[in-house]
Amino acid sequence: FNEFAKLGWYDKGEINYFSNQKNRYHKLIEYITKINSTGNNRLLDVGSHMLQFSIIAKELGFEVSCTDVEQFVNNKVNDLRLKHFNLPKPKILPSSGYLKHS
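Residues numbered from 1 in each chain as written. Predicted model: local features only at pLDDT ≥ 70, side-chain atom pairs only at ≥ 80, totals over all residues. Heavy atoms only, no water.

> Looking at this model, I keep getting lost on the packing of aromatic side chains. Mind explaining?
Each aromatic ring pair is described using two quantities: the centre-to-centre distance and the angle formed by the ring planes. Counted by the stated rule, this structure contains 2 aromatic pairs. Through successive ring pairs, a cluster of aromatic residues spans Phe18, Tyr25 and Phe53. (Phe/Tyr/Trp six-rings, centres within 6.5 Å; stacked < 30°, edge-to-face > 60°.)

Next comes the structure, spelled out in structure tokens:
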């Protein structure tokens, strides 16, 4: 939380989202570690959005790859986070029809 705050939040909604999701992030890392019998530390974060989970996983020693739709991949806040936490640029997923605005 403090590292995100130093770099700046995307908006107030992201602060609320992080606060609401931090327990889920913790449980997810715990579960991944528990079922990872091979010791493989590579993780693909599909729907990485603002990189919150990706950064947590990276800080815990996972080799993280990210992917999301273009609107979440290409923004200044994520660019700062990618550089600061030494994460690779997320791959852009093609948008589905339900994401397109008419």
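> Hey, could you run me through the packing of helix α2 (residues 12–35) against helix α3 (residues 52–59) in this one?
Packed helices, taken two at a time, are described by their axes: the angle between them and the distance between them. The N-to-C vectors of α2 and α3 enclose an angle of 45°; their axes lie 9 Å apart at closest approach. Here α2 is positioned oblique relative to α3, judged by the angle of their axes. Classified by chirality, the crossing of α3 by α2 is right-handed. Contacts between α2 and α3 involve Glu14, Tyr17, Phe18, Tyr25, Leu28, Ile29 and Ile32 on the former and, on the latter, Gln52, Phe53, Ile56 and Ala57. When its residues are assigned to classes, the contact of α2 with α3 shows 9 nonpolar, 1 polar and 1 charged. (Axes fitted to C-alpha atoms, helices over the stretch in contact; angles between N-to-C directions. Helix = DSSP H or I, 4+ residues; strand = E, 2+ residues; numbered from the N terminus. Parallel < 35°, antiparallel > 145°, perpendicular 65-115°, else oblique. Left-handed = near helix turned anticlockwise from the far one by under 90°. Contact = heavy atoms within 4.5 Å. Nonpolar A, V, L, I, M, F, W, Y, C, P; charged D, E, K, R; others polar.)

> Just checking my understanding: could you explain a nonpolar patch on the surface for this structure?
Together, Leu28, Tyr31 and Ile35 make up an exposed nonpolar region whose accessible area comes to about 290 Å². Within the element layout of this structure, Leu28 appears in helix α2. (Patch = residues over 30% accessible without salt bridge, like charges linked within 9 Å, V, L, I, M, F, W, Y side chains within 5 Å. Areas by Shrake-Rupley, 256 points an atom, 1.4 Å probe, with all protein chains shown as cover. Salt bridge = Lys/Arg side-chain N within 4 Å of Asp/Glu carboxyl O.)

> Help me understand helix α5 (residues 76–84) in this model?
Count 3.6 residues to each turn of an α-helix, and residues three or four apart come out pointing the same way. Residues Val77, Asn78, Arg81 and Leu82 constitute the buried set of α5. What you see down the axis of α5 is that its buried residues fit within an arc of 135°, all on one side. In α5, the exposed residues that point more than 90 degrees away from the buried face are Lys76 and Lys83. Elements in contact with the buried residues of α5: α1 (2–7), α2, α3 and α4 (70–73). Capping of α5 at its N-terminal end is provided by Asn75; its side-chain oxygen lies 3.2 Å from the backbone amide nitrogen of Val77. (Buried < 20%, exposed > 50% of the residue type's maximum accessible area, 1.4 Å probe, protein only. Arc of directions from axis to C-beta. Polar contact = N/O pair within 3.5 Å; in protein donor to acceptor, adjacent residues only side chain to side chain.)

> Got a minute to help me understand the side chain of Asp45 in this structure?
Residue placement: Asp45 occurs in strand β1 (residues 42–46). Buried within the structure, Asp45 lacks any salt-bridge partner; its nearest side chain of opposite charge belongs to Arg24, at an N-O separation of 7.7 Å. Here Ser54 takes part through its side chain, which lies 2.6 Å from a polar atom of the side chain of Asp45. With residues near it in sequence (within four places) discarded, Asp45 still touches Phe53, Ser54, Ser65, Cys66 and Thr67. (Lys, Arg positive; Asp, Glu negative; His and termini not counted.)

> Got a minute to help me understand the pattern of salt bridges in this structure?
Side chains carrying opposite charge are able to pair once their charged atoms draw close together. Throughout the structure, instances matching the rule amount to 2 salt bridges. Measuring nitrogen to oxygen at the nearest pair gives 2.6 Å for the salt bridge that ties Arg81 to Glu14. On the criterion of sequence distance, the pair formed by Arg81 in helix α5 and Glu14 in helix α2 is long-range, its members being 67 residues apart. Its relative accessible area of 0% is what places Arg81 among the buried residues. Note on Glu14: relative accessible area 5%, which makes it buried. Taking the shortest distance from any N to any O, the salt bridge between Lys89 and Asp79 comes out at 3.2 Å. One end of the pair, Lys89, is in the loop between α5 and β3 (91–93); the other, Asp79, is in helix α5, with 10 residues separating them in the sequence.

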